[in-house]
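Spelled out from the first residue to the last, the chains are:
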Amino acid sequence: MNIIGIIASQRKEGNTAFIVNKILEGVKEQGAETSIFGFANLDIKPCRGCWGCHKSDRGCVIKDDMQKIYDALEHADAIVLGLPIYMGQMSAQGKIFTDRLFARFSPRFSPFFKENAVKQKLILSFNQGNPDADLFKTYIDYTKQMFEMLEFDVKEVPVVTGLRNGPAHEREDLRTCLKEFGSALVVYP
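Throughout this description, residue numbers start from 1 for each chain and increase along the sequence as written. Local features in a predicted model are, by the rule used here, given only for residues with pLDDT of at least 70; side-chain atom pairs are given and counted only at 80 or more, and totals for whole chains, interfaces and linings are based on all residues. Only hydrogens and water are set aside when side-chain values are computed; all heavy atoms of the structure are taken into account.

(A) Structural view of the overall build of the protein chain. Helix numbering and strand numbering both begin at the N terminus, where a helix is a DSSP run of H or I of at least 4 residues and a strand a DSSP run of E of at least 2. Check the secondary structure of the protein chain and you find 6 helices and 7 strands. Counted from the first residue to the last, the protein chain has its helices and strands arranged as β-α-β-α-α-β-β-α-β-α-β-β-α. Relative to its length of 189 residues, the protein chain is compact, with a C-alpha radius of gyration of 16 Å against a globular reference of 16 Å. Once the C-alpha set of the protein chain is aligned to its principal axes, its extents read approximately 50 × 35 × 30 Å. Any residue under 20% of the maximum accessible area for its type is buried, any over 50% is exposed, and the rest in between are partly exposed; the area is computed with a 1.4 Å probe on protein chains only. Counting only residues that meet the buried cut, the protein chain has 50% of its 189 residues in that class. Residue contacts follow a heavy-atom distance rule, with two residues in contact if any of their heavy atoms lie within 4.5 Å. When contacts within the protein chain are restricted to residue pairs at least 6 apart in sequence, long-range pairs at least 24 apart make up 77% of them. Here the Shrake-Rupley method, with its probe set to 1.4 Å, supplies the accessible areas, and only the displayed protein chains count as covering residues. When the accessible surface of the protein chain is split by element, carbon and sulfur atoms take 50% of a total near 9700 Å². Working convention for charge: Lys and Arg count positive, Asp and Glu count negative, and His plus the chain ends are omitted. Throughout, a charge is located at the NZ atom of Lys, the CZ atom of Arg, the CG atom of Asp or the CD atom of Glu. Counting 24 positive and 24 negative side-chain charges, the protein chain places the centres of these two groups 5 Å from one another. In this treatment the radius of gyration is a C-alpha quantity, and the globule benchmark scales as 2.2 Å times the residue count to the 0.38 power.

(B) Quick look at empty space enclosed by the protein. As defined here, a cavity is a set of points on a 1 Å grid over the protein atoms alone where a 1.4 Å probe fits but cannot get out. A pocket is an open set with protein on both sides within 12 Å along at least five of seven lines, and residues line them when an atom is within 4 Å of a point. Grid points are joined across faces, edges and corners, and a volume is the space filled by probe spheres set on the points. Counted by the stated rule, this structure contains 1 cavity of 30 Å³ or more. Size it by volume and the largest cavity reaches roughly 90 Å³. Taken together, 15 residues form the lining of the largest cavity, with C47, R48, C50, C53 and C60 sitting closest to its centre. Sorting the residues of the lining of the largest cavity by element identifies α2 (52–55) and α4 (92–100) as the ones contributing at least two each. Of the residues that constitute the lining of the largest cavity, the class distribution is 10 nonpolar, 2 polar and 3 charged. For this classification, the nonpolar set comprises Ala, Val, Leu, Ile, Met, Phe, Trp, Tyr, Cys and Pro, the charged set comprises Asp, Glu, Lys and Arg, and every other residue, Gly included, is treated as polar.

(C) Focus on the packing of aromatic side chains. Geometry of aromatic contacts follows a simple scheme: Phe, Tyr and Trp rings, the Trp one being its six-membered ring, pair when their centres are within 6.5 Å, and the pair is stacked under 30 degrees between planes, edge-to-face over 60, tilted otherwise. The tally for this structure, following the rule as stated, stands at 3 aromatic pairs. Measuring from ring centre to ring centre gives 6.2 Å for Y139 and Y142, while their planes differ by 40°; the resulting arrangement is tilted. Placement of the pair is Y139 and Y142 together in helix α5 (residues 137–149), with a separation of 3 residues, close to one helical turn. Summarising the aromatic geometry, the rings of F147 and F152 are spaced 5.6 Å apart at their centres and angled 70° between planes, so their arrangement reads as edge-to-face. Judged by its relative accessible area of 1%, F147 is buried.

(D) Representation of the nonpolar core in the model. Each nonpolar core is a collection of buried residues, namely Ala, Val, Leu, Ile, Met, Phe, Trp, Tyr and Cys, held together in the definition by side-chain atoms within 4.5 Å. Formed by 36 residues in total, the largest nonpolar core has its most connected members in I6, I69, L81 and F147. At the level of secondary structure, the elements contributing two or more residues to this core comprise β1 (2–7), α3 (66–75), β3 (78–86), α4, β5 (121–127) and α5. In terms of residue count, the dominant contributor to this core is α3 (5 residues). Ignoring sequence-local partners within four residues, the contact set of L81 consists of I6, F97, L122, I123, L124, S125 and F147. Counting residues in each nonpolar core, the second largest holds 21 residues, with A17, F18, I23 and V186 among its members.

Structure follows, in structure tokens:
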């Protein structure tokens, strides 16, 4: 099994990176192969809305580091997407990543939908400073539904809260919990 992690944050060693890496540790313990992509190390431009990706079979016309992720997605059985919540929604990097998926994934109602689309497993991980896990529930539910509409099989949506009080790596309760999400991802049908 091949699982990729996406850290949709500019912080190389921030909370989102810690969370994604811990989930991937659980994946590795189950024998799966992993690779990770962090926006701090990537040059990924926003979608232009040019529709070039759907006018031919050549894919996205923007030649940047998203091409590496497209290649990895081609061979991935599952994805761990780490999204920090900024201003009540996913980070700008998370939105850029999501928008650029348009070149690869189209919902069933789209004229570009391909029946041979593989339904990849997804852990959609959010983290926030606020301690109230339900504060952004509407947005988180909307985001989960959007990924399901794109034919992802969303397995878990962990929300790590209270990060204003200290970084994730200092919370012992998270280490085991996050690794369990990764382990379960490997054994899900």
